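# Notes for the structure review
Residue strings, one per chain:
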Amino acid sequence: MSTNPKKVTLRPKDFLDIDALLSPEERMLRDAVRQFVTERVNPGIEKWFEAGEFPREMATEIGAIGLLGMHLEGYGCAGTNAVSYGLACLELEAGDSGFRSFVSVQGSLAMFPIWKYGSEEQKEQWLPGMAKGELIGCFGLTEPDAGSDPGAMRTHAKRDGDDWVLNGTKMWITNGGIADLAIVWAKSAEGVKGFIVPRGTPGFTTRDIHRKLSLRASVTSELIMEDCRLPADAVLPGVTGMKGPLSCLSEARYGIIWGAMGAARSCYETALEYSKTRKQFDTPIGGFQLTQQKLVNMMVEINKGILLSLHLGRMKDEGNAAPEHISFGKLNNVREAIKIAREARTILGANGITLEYPVIRHANNLESVLTYEGTSEIHTLILGKAITGLEAFS
Amino acid sequence: MNIVVCVKHIPDPNLPAEMDGKTLKREGVQGVMDPGDEFGVEAGLQIKERLATGDGESGEGEVTLVSMGPAAAMEAVRRGLSMGADKGVLVSDDVLKGSDALATAKVLSAAIQKNGAFDLVIAGVESTDGYTGTLPGTLAEFLGVPHVSTVKEIVSADGGTLKVNRQTADGYHVVEVGLPAVISVTAGVNEPRYASFKGIMAAKKKPVEQLSLSDLDLSGDDVAVKQEVTELSKAEEREGGEIIEDDGSAAAKIADFLKEAKVI
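Everything in this summary refers to the structure shown in the same document. In this text, all values refer to a predicted model and were calculated from it rather than measured experimentally. (Residues numbered from 1 in each chain as written. Chains lettered and ligands numbered in written order. Predicted model: local features only at pLDDT ≥ 70, side-chain atom pairs only at ≥ 80, totals over all residues. Heavy atoms only, no water.)

## Considerations on the overall build of chain A
Scanning chain A from terminus to terminus reveals 10 helices and 11 strands. In terms of C-alpha radius of gyration, chain A reaches 22 Å, essentially the compact-globule figure of 21 Å for 394 residues. Taking the intrachain contacts of chain A between residues at least 6 apart in sequence as the baseline, contacts between residues at least 24 apart amount to 75%. Of the accessible surface of chain A, which amounts to about 17,200 Å², a share of 53% is contributed by carbon and sulfur atoms. Charged side chains of chain A number 43 positive and 48 negative; the gap between the two group centres comes to 5 Å. (Helix = DSSP H or I, 4+ residues; strand = E, 2+ residues; numbered from the N terminus. Rg over C-alpha atoms; globule rule 2.2 N^0.38 Å. Contact = heavy atoms within 4.5 Å. Areas by Shrake-Rupley, 256 points an atom, 1.4 Å probe, with all protein chains shown as cover. Lys, Arg positive; Asp, Glu negative; His and termini not counted. Charge placed at Lys NZ, Arg CZ, Asp CG, Glu CD.)

Written out as structure tokens, the structure is:
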């Protein structure tokens, strides 16, 4: 049985009316982030990207809205559902991947392990200030020689009386240079342990990585531990083993699934507007078949990608999202987003390579997003194992 | 102090307007709280907060949002509640579809009076859809209280008096008004706060009274539309601006232009 369709309005920016699948509260949270990005991020982003800096002073503004640790309960956190967290990531990354990265790292990689594996004292000491953006956190897992294979880390923690002594180097650490505390994962006699390392701890230093051509509006650093002595209560008591850091990554990767579609949406909308006003051969280039094909492919992939994000978000809210599901989302959405950014660049022609338009900035940012939080290759192999039962790596 | 803020749910002004005959299509389109009303809500919240932290006057009292519109207008009420207002009243009735400003003022005044004693009613200067700008004054008339229009700054609020600066063409008036009163506020009267996630989540639990026309002891005749839109036409396309070639006098010409526009 079918009914005649009502006369519906087709919206180029939400073609499948995905908005209708959100609750009024989810839409309001989304709109609050969209307004913040429009008014506070977009006007400054070209400058920050070009200068290669993240405006640290905005951390408390981001905190005041409730973006930091938003999906966690208690300790000054907003306690939203996973879908709302995803929508926030999408809107932030439509501004710039640097801002989404800041929020992902603070909430999912620094606050989440304290919230999930920390002692009551640790939670009360750190989480409220981090939720407000007064304290910034970072997450140290990757090392110069241990990227996709974090189990090969060399950083180690040795007991010395009640104290712990950490030695090692962490690399490619978002927020490292501006962090007030680092969550550092290190091998110990008992297995991999997480430590809260406050800035200023003797033996703990950071060094920022410069000359990046991607994620320029984000601080990326090296963390160096040289006989870094920590008291017994610096260790996260609730977890031992790689499942500690990997569970945090699964949280952050989930946000990236949505975020990538934000960057893609910004590129698509820019290309769409440009194609309607840019004339060649006395015709808006949006009227040419080749341009329409590009725009339609972008629009189709963005709608599919957001539907996928929403589906995974609902699964996560019901407790049914496995890490493999998250890999599916990250693999698809980042891969498609980077294609969309490159395609949008071609529609903008030479204008597409300048910072006057957001497209090349998103395209460059997505190169990092493709690699961090599990490369597309690793996510492919995780899915390969899931469907064949055979491990391509161990 | 009990403060009432009028809020309106309108089709998103950033999207092309869709018409339903000669009225604006309001259902099945993307709606938002009128951006002009954010200033009203912020003004109400600031007065309440100022009184709560100031000396003398106690901070007791509430900010109540009052709105008229279809069921979807609940989103505008929730938006204001998420900014920090305490409760809401939404009047919805099929009979009200296509209401003019006079009928709207009648309904809002009835809803405000039913809500209880009030000290101050705040509205935007004009809506961002109909732009009649007649509602605040009409509302004050129905409520039988004074009206101060185009308020650009709220200087002080205490006891039974409100002191405000009122925008004029070439400056501003300093006005003191006895309460209760109605004021209309301009965009720029304040910097509306961002709704925080906690505010948005708390808004769900705040009370919103939903009323129909009969709850206000009004009939369809009371709100019959007295004005009719007879014709609609598209606004003329904006013409390209004047281009000044710089022969050394461009700066002076631009300064003259800005002076003429009273910008400087």
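## Digging into empty space enclosed by the protein
Over the atoms rolls a probe the size of a water molecule, and its path tells where empty space is left. Residue and element names in this part refer to chain B. Under the criterion given, the structure shown has 1 cavity of 30 Å³ or more. Roughly 40 Å³ of internal volume is contained in the largest cavity. Taken together, His9, Ile10, Pro11, Arg26, Val29, Gly31 and Pro70 make up the lining of the largest cavity. The dominant element in the lining of the largest cavity, judged by the number of residues it contributes, is strand 2 (residues 9-11), at 3 residues. Class assignment for the residues of the lining of the largest cavity results in 4 nonpolar, 2 polar and 1 charged. (1 Å grid on protein atoms, 1.4 Å probe; cavity = no way out; pocket = protein on both sides within 12 Å on 5 of 7 lines; lining within 4 Å. Points joined across faces, edges and corners; volume = space filled by probe spheres on them. Nonpolar A, V, L, I, M, F, W, Y, C, P; charged D, E, K, R; others polar.)

## Concerning the packing of helix 3 (residues 82-95) of chain A against helix 4 (residues 97-117) of chain A
When two helices pack together, their arrangement is captured by the angle between the axes and the distance separating the axes. Residues and elements named next belong to chain A. The geometry of helix 3 relative to helix 4 is characterised by a closest axis approach of 7 Å and an angle of 150 degrees between their N-to-C directions. Accordingly, the angle class assigned to the pair helix 3 and helix 4 is roughly antiparallel. Residues Tyr85, Cys89, Leu92 and Glu93 of helix 3 form the contact with helix 4, whose participating residues are Ser97, Phe99, Arg100, Val103, Ser104 and Ser108. Taken together, the residues of the contact of helix 3 with helix 4 break down into 5 nonpolar, 3 polar and 2 charged. (Axes fitted to C-alpha atoms, helices over the stretch in contact; angles between N-to-C directions. Parallel < 35°, antiparallel > 145°, perpendicular 65-115°, else oblique.)

## Some remarks on the packing of helix 3 (residues 101-115) of chain B against helix 4 (residues 135-143) of chain B
Residues and elements named next belong to chain B. At a closest axis distance of 9 Å, the pairing of helix 3 and helix 4 adopts a crossing angle of 50 degrees. Taken as axis vectors, helix 3 and helix 4 run oblique relative to one another. For helix 3 against helix 4, the interelement crossing comes out right-handed. The segment helix 3 lies against helix 4, with Ala101, Leu102, Thr104, Ala105, Lys106, Leu108, Ser109, Ile112 and Gln113 engaging Leu135, Thr138, Leu139, Phe142 and Leu143. Classifying every residue of the contact of helix 3 with helix 4 by side-chain character gives 9 nonpolar, 4 polar and 1 charged. (Left-handed = near helix turned anticlockwise from the far one by under 90°.)

## Considerations on the sheet that holds strand 7 (residues 87-91) of chain B
Residues and elements named next belong to chain B. Ordered in space as 11-10-9-12-8-1-6-7-13, the 9 strands form an open sheet in which the pairing is mixed. Of all the strands in the sheet, the pair left with one neighbour each is strand 11 (171-178) and strand 13 (208-211). Across the sheet, the mean angle from the axis of one strand to that of its neighbour is 30 degrees, orientation sign disregarded. Of the strands in this sheet, strand 1 (3-6), strand 6 (63-68), strand 7, strand 8 (120-124) and strand 13 are in contact with helix 3, which crosses strand 6 at around 145 degrees. (Pairing = 2+ DSSP bridges.)

## With respect to unusual backbone geometry
Excluding glycine, most residues fall at negative phi; most peptide bonds, likewise, are trans. In this chain, Leu179 of chain B is followed by Pro180 of chain B through a cis amide linkage whose omega measures 0 degrees. Here Pro180 of chain B is to be found in the loop between strand 11 and strand 12 (181-185). A positive phi angle, close to 55 degrees, is found at Asp17 of chain A, a residue other than glycine. Considering the arrangement of structural elements, one finds Asp17 of chain A in the segment before helix 1 (24-51). Positive phi, normally seen in glycine, also occurs at Asp217 of chain B, with a value near 55 degrees. Among the secondary structure elements, Asp217 of chain B is positioned in the loop between strand 13 and helix 6 (250-260).

## Examining the environment of Ala232 of chain A
All names here are of chain A. As for its position among the elements, Ala232 is in the loop between strand 9 (220-230) and helix 6 (243-277). Here the alpha-carbon distance between Ala232 and Asp160, two residues 72 residues apart in the chain, equals 9.6 Å. Once residues lying within four places of it in the same chain are set aside, the contact partners of Ala232 are Arg159, Asp162, Asp163 and Trp164.

## Considering the interface of chain B and chain A
By a frequent convention, interface size equals the accessible area lost on bringing the separate parts together. Listed as interface residues are 16 residues of chain B and, on the opposing side, 23 residues of chain A. A combined buried area of about 1,700 Å² lies between chain B and chain A, and 59% of that area is made up of carbon and sulfur atoms. The three residues of chain B that bury the most area against chain A are Tyr194, Phe197 and Met201 of chain B, which together make up 44% of that side's buried surface. Taking the shortest distance from any N to any O, the salt bridge between Arg27 of chain A and Glu75 of chain B comes out at 2.9 Å. (Buried area = accessible area lost by both parts, 1.4 Å probe. Salt bridge = Lys/Arg side-chain N within 4 Å of Asp/Glu carboxyl O.)

## Quick notes on the pairing of strand 9 (residues 147-158) of chain B
Residues and elements named next belong to chain B. With 3 bridges connecting them, strand 9 and strand 12 associate as parallel partners. Note that in strand 12 the partner of Val151 across the bridge is Val185. Both strand 9 and strand 10 (residues 161-168) contribute to a ladder of 6 bridges, which runs antiparallel. Bridge pairing links Asp158 to Thr161 in strand 10. The turn joining strand 9 and strand 10, which pair antiparallel and follow one another in sequence, is formed by 2 residues; a positive phi near 45 degrees is taken by Gly159.

## Topic: a negative patch on the surface
A cluster of acidic side chains, namely Glu120, Glu121, Glu124 and Asp233 of chain A, defines a negative patch on the protein surface. In this fold, Glu124 of chain A is placed in helix 5 (residues 120-132). (Patch = residues over 30% accessible without salt bridge, like charges linked within 9 Å, V, L, I, M, F, W, Y side chains within 5 Å.)

## Re the packing of aromatic side chains
This structure, assessed with the given rule, holds 10 aromatic pairs over all chains. A ring pair is formed by Phe54 of chain A and Phe99 of chain A, whose centres lie 5.2 Å apart and whose planes are at 55 degrees; its orientation type is tilted. Of this pair, Phe54 of chain A sits in the loop between helix 1 and helix 2 (59-65) while Phe99 of chain A sits in helix 4, and the two are 45 residues apart along the sequence. Judged by its relative accessible area of 8%, Phe54 of chain A falls in the buried class. Using a relative accessible area of 0% as the deciding quantity, one classes Phe99 of chain A as buried. Put simply, the rings of Trp48, Phe54, Phe99 and Phe102 of chain A touch in pairs and so form one group of aromatic residues. Across the ring face of Tyr254 of chain A, the terminal group of Lys316 of chain A is positioned such that the distance to the ring centre comes to 5.5 Å. Positioned above the aromatic ring of Tyr172 of chain B is the side chain of Lys152 of chain B, whose terminal nitrogen or guanidinium carbon lies 4.6 Å from the ring centre. (Phe/Tyr/Trp six-rings, centres within 6.5 Å; stacked < 30°, edge-to-face > 60°. Buried < 20%, exposed > 50% of the residue type's maximum accessible area, 1.4 Å probe, protein only. Lys NZ or Arg CZ within 6 Å of the ring centre and 35° of its normal.)

## Concerning the environment of Ser82 of chain B
Checked against the element boundaries, Ser82 of chain B lands in helix 2 (residues 74-83). Placed 112 residues apart in sequence, Ser82 of chain B and Tyr194 of chain B show a C-alpha to C-alpha distance of 9.1 Å. In contact with Ser82 of chain B, not counting residues within four places along its chain, are Met28 of chain A together with Ala195, Ser196, Gly199, Ile200 and Ala203 of chain B.

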